[in-house]
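Below are the chains, spelled out letter by letter.
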Amino acid sequence: MSHGAASPLRPSVWLALGLLTGCAPDPVHLGDLPEAAIACGRDDAVVAADICFEESVREFAVSIEPLHFVTGDFSGDASIDVMTVGRREGAIGAELWLGSDRGPLGPPTDPMVTGCSAFPVPGPLLASGRDDILFATCAPYVDVYPGGTDGFGAPVRIDLPLSLRSTIIDDIDSDGDTDLVVLGEDASAVAALSVVLREADGSLSTPTMQSLVPLSFDPVGASPADFDGDGLLDLAIRRGSVAGSLGFVRSIAPGVFGEPVRLTTELRPWSLAVADFDGDGDDDIVYADDQALVACVWIFDDVVTAQPVCRALEELVPQHLTAADLDGDGMAEVVLADATNPQLWVWRPDLAGEGDVLEPLSVPAGTELVELVDLNGDAAFDIIAGHFAARTFSIRLAAPPK
Ligand SMILES: [Ca+2]
Ligand SMILES: [Ca+2]
Ligand SMILES: [Ca+2]
Ligand SMILES: [Ca+2]
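Reference entry: report on the structure contained in this document.

Conventions we followed
- Residues numbered from 1 in each chain as written.
- Chains lettered and ligands numbered in written order.
- Predicted model: local features only at pLDDT ≥ 70, side-chain atom pairs only at ≥ 80, totals over all residues.
- Helix = DSSP H or I, 4+ residues; strand = E, 2+ residues; numbered from the N terminus.
- Buried ≥ 20, exposed ≤ 12 C-beta atoms within 10 Å, placed from the backbone.
- Pairing = 2+ DSSP bridges.
- Axes fitted to C-alpha atoms, helices over the stretch in contact; angles between N-to-C directions.

**Let's talk about unusual backbone geometry**
It is generally the case that most residues other than glycine have a negative phi and that most peptide bonds are trans.
Then, number 1: Note that the residue after Gly 106, namely Pro 107, is joined by a cis bond; omega there is -5 degrees.
Then, number 2: You can see Pro 107 is positioned in strand β7 (residues 103–109).
Then, number 3: Positioned with a positive phi, Ser 174 is a non-glycine residue whose angle comes to about 60 degrees.
Then, number 4: Along the chain, Ser 174 falls in the loop between β12 (163–170) and β13 (179–185).
Then, number 5: Its 15 C-beta neighbours within 10 Å are what place Ser 174 among the partly exposed residues.
Then, number 6: A positive phi angle is found at Glu 314, which is not glycine, with a value near 55 degrees.
Then, number 7: Note on Glu 314: 7 C-beta atoms within 10 Å, which makes it exposed.

Here it is as structure tokens:
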């Protein structure tokens, strides 16, 4: 993904915004640092677990009561936009911060999207070349608002054969087209999966329905990953508020899942991410318990390893975590967020006996949600952190891997 390629288009975007709002967006949020890439060893770099970040953090005030944020290229200019989602006057509302080559840019606009849940899912479901935003409703359908250069279009409704718990937009059958997977429940409140595949002619297939029994816990969350390296996306499933409620289902054919498997753990998988931690090309699972204050990595091989690698987090209360290969060595690192502490923590799990690293990185306030995404197109994962109690979010750019 090259964001730099969009630079020649940006003046026209500014012009379009100026026509709509009567003035160009205020660029004050971009900071006054030099345009040169952040580099380790520079005076204005900070380091956590050998990853170098820009010293300055840009913080953005949110006018709604924020509960969530998502990132994606909703406007189609190849820069990553940020959407905060939360409560506005008793309903679910959002604010959209258009992206630039230095991250999100204020002032935000109201993208006029809403749903029953404050946790929409971004992704290119409607095959327009832009990211769309999918909101769950309180009925057995989802509303997908198409991304566009002039804001979101009218929602496209997709009927589903189940009540929704969690939705995924990803290429589940590895044919190059983005599909929809829904974890929900049937009329008997039994957990079930439904898959809607995008066909070669651009149409969406009739939703499938398959029960998730037999399973000894009741999952509400699903995360896509390829645990067995066959190119078909499998799912990590969990119920974060209940101890031991962690498992996975493998894809056994395009759009078809096998029987769910429970992973043996005493912990509650309050937060979870998937990434490749041992560099074998297959995705693995990291999860953290916000009460036991323990984080674990579960390595997938041809068969799942018998036990995860865990570490105590001491004073860190893991409200949320995410993972990506920050230093480009093929093995993912973890970033953990604490809602009560203005610090993130970068964790390099010790899988090879070389020593475990967990080092802090300051942020403006306690963090409820953290995401790693390349905001300025330099192939380095930058950090975006939601400080929902403080009604802000912040970004910190990272240096490209050496
Ligand atoms: Ca597909
Ligand atoms: Ca797979
Ligand atoms: Ca792996
Ligand atoms: Ca790495």
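**Comments concerning the sheet that holds strand β4 (residues 65–72)**
Then, number 1: Taken in spatial order, the four strands line up as β4-β5-β6-β7 in an open sheet, and their pairing is antiparallel. The outermost strands of the open sheet, each flanked by one partner alone, are β4 and β7. Pairs of neighbouring strands in the sheet enclose a mean axial angle of 30 degrees, with direction left out of account.
Then, number 2: Taken together, the seven bridges between β4 and strand β5 (residues 81–88) define a ladder with antiparallel strand orientation. Across the sheet, residue Thr 71 finds its bridge partner in β5, namely Val 82.

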